[in-house]
Amino acid sequence: MKHLILFRHAKSSWDDPQLLDFERPLNARGHRDAPRMALRLGEWLRQMPAPVRWASSPARRAWDTARYVAEQLELTGNRLTPIPELYHAEPDTLLKVVRSQPDAAATVILFGHNPGLTAFATQLCNRDFVNIPTAGIVGIRFATAHWAEVTHGAGEELFFEYPKKSV
């Protein structure tokens, strides 16, 4: 079994119109929601097999969300990997990233962006997620021993969490 967790970055700021999209930071709500959702993710991770591989879009808002999760869950060592292809990735790119993960990782967590994450989750689970909100998390299980064998429609939704649901 393989477990994939898709974590959309927390709410970002649009306060500085001069800032490049890649550099947008979290806003106040993002700083509030990211740690809260990290704790919710921690509850699910206790039920999943280790080892866990963490990877994130290097965009500031995604990376900062991932760092909040690492801090809240007291991760040690250099476990978070930036993957440039995750920045605004389309479902086909996300599938390539997932299929390239080492089989030693039983659980993979990807921090990224919409609309790609929502479309990807929808394709993997054959379920219309409509929208993964900011700081939303989708957990998916695959009945395979190899990441390279992950295909559309083969995922089983384990959970779909988001800030307004977890209040």
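Predicted model, so just to flag it, every value in this text is computed and none were measured.

**Q** Quick one: what's the story with the side chain of D33, residue by residue and with numbers?
**A** With respect to the secondary-structure elements, D33 resides in helix 1 (residues 28-45). At 3.2 Å, the side chain of D33 and the side chain of R32 are in polar contact. In this structure, D33 is in contact with A135 and P163, ignoring residues within four places of it in sequence.

**Q** Please set out the pattern of salt bridges residue by residue, giving values where relevant.
**A** Following the criterion strictly, the structure yields eleven salt bridges and no others. Where E43 meets R40, a salt bridge forms, and the shortest distance between an N and an O atom there is 2.2 Å. Of the two residues, E43 and R40 both sit in helix 1, three residues apart, roughly one turn of that helix. We note a salt bridge from D64 to R60, for which the minimum N-O separation is 3.6 Å. Placement of the pair is D64 and R60 together in helix 2 (residues 60-72), with a separation of four residues, close to one helical turn. Its relative accessible area of 15% is what places D64 among the buried residues. Among the charged side chains, a salt-bridge network with shared partners connects R29, R32, D33 and R36.

**Q** An account of empty space enclosed by the protein is requested, with residue identities and associated values reported.
**A** All told, the structure shown has one cavity of 30 Å³ or more when counted by the stated rule. Lining the largest cavity, in full, are L86, A89, L94, L110, F111, G112, H113 and L117.

**Q** Which residues make up the sheet that holds strand 2 (residues 52-56), and what values go with them?
**A** Read across the open sheet, the six strands follow the order 3-2-4-1-5-6; overall the sheet is mixed. Only two strands of the sheet have a single partner each, and these edge strands are strand 3 (80-82) and strand 6 (155-161). Each adjacent strand pair in this sheet contributes to an overall mean axis angle of 20°, direction not counted. Packed on one face of the sheet, helix 1 meets strand 1 (2-8), strand 2, strand 4 (107-112), strand 5 (137-142) and strand 6 and runs near 140° to strand 6. Lying over the sheet, helix 2 contacts strand 1, strand 2, strand 3 and strand 4, oriented at roughly 175° with respect to strand 3.

**Q** Describe the layout of surface pockets, and please don't skip the residues or the numbers.
**A** Estimated volume of the largest pocket: approximately 160 Å³. Together, G42, L45, R46, M48, A50, V52, W54, L73, L75 and R79 line the largest pocket. Elements with a minimum of two residues in the lining of the largest pocket: helix 1 and strand 2. Residue composition of the lining of the largest pocket, grouped by class: seven nonpolar, one polar and two charged.

**Q** So, the environment of T81: which residues are in play, and what are the values?
**A** Looking at the secondary structure, you find T81 in strand 3. Between the C-alpha atoms of T81 and C125, which are 44 residues apart in sequence, the distance is 25 Å. Sequence-distant contacts of T81, that is, excluding residues within four places in its chain, are made with R53, W54, A55, S56 and W63.

**Q** Could you give an account of the packing of aromatic side chains, naming the residues involved and the relevant values?
**A** The geometry of an aromatic ring pair is captured by two quantities: the separation of the ring centres and the angle between the planes. Scanning the entire structure with this criterion turns up six aromatic pairs. Ring plane angle 75° and centroid distance 5.0 Å describe the contact between F22 and Y87, whose orientation is recorded as edge-to-face. You can see F22 sitting in the loop between strand 1 and helix 1 and its partner Y87 sitting in the loop between strand 3 and helix 3 (91-99), a full 65 residues away along the chain. Under the relative-accessibility criterion, F22 is labelled partly exposed at 30%. Given a relative accessible area of 26%, Y87 falls into the partly exposed group.

Conventions used here
- Residues numbered from 1 in each chain as written.
- Predicted model: local features only at pLDDT ≥ 70, side-chain atom pairs only at ≥ 80, totals over all residues.
- Heavy atoms only, no water.
- Helix = DSSP H or I, 4+ residues; strand = E, 2+ residues; numbered from the N terminus.
- Polar contact = N/O pair within 3.5 Å; in protein donor to acceptor, adjacent residues only side chain to side chain.
- Contact = heavy atoms within 4.5 Å.
- Salt bridge = Lys/Arg side-chain N within 4 Å of Asp/Glu carboxyl O.
- Buried < 20%, exposed > 50% of the residue type's maximum accessible area, 1.4 Å probe, protein only.
- 1 Å grid on protein atoms, 1.4 Å probe; cavity = no way out; pocket = protein on both sides within 12 Å on 5 of 7 lines; lining within 4 Å.
- Points joined across faces, edges and corners; volume = space filled by probe spheres on them.
- Pairing = 2+ DSSP bridges.
- Axes fitted to C-alpha atoms, helices over the stretch in contact; angles between N-to-C directions.
- Nonpolar A, V, L, I, M, F, W, Y, C, P; charged D, E, K, R; others polar.
- Phe/Tyr/Trp six-rings, centres within 6.5 Å; stacked < 30°, edge-to-face > 60°.

By themselves these figures say nothing about function.
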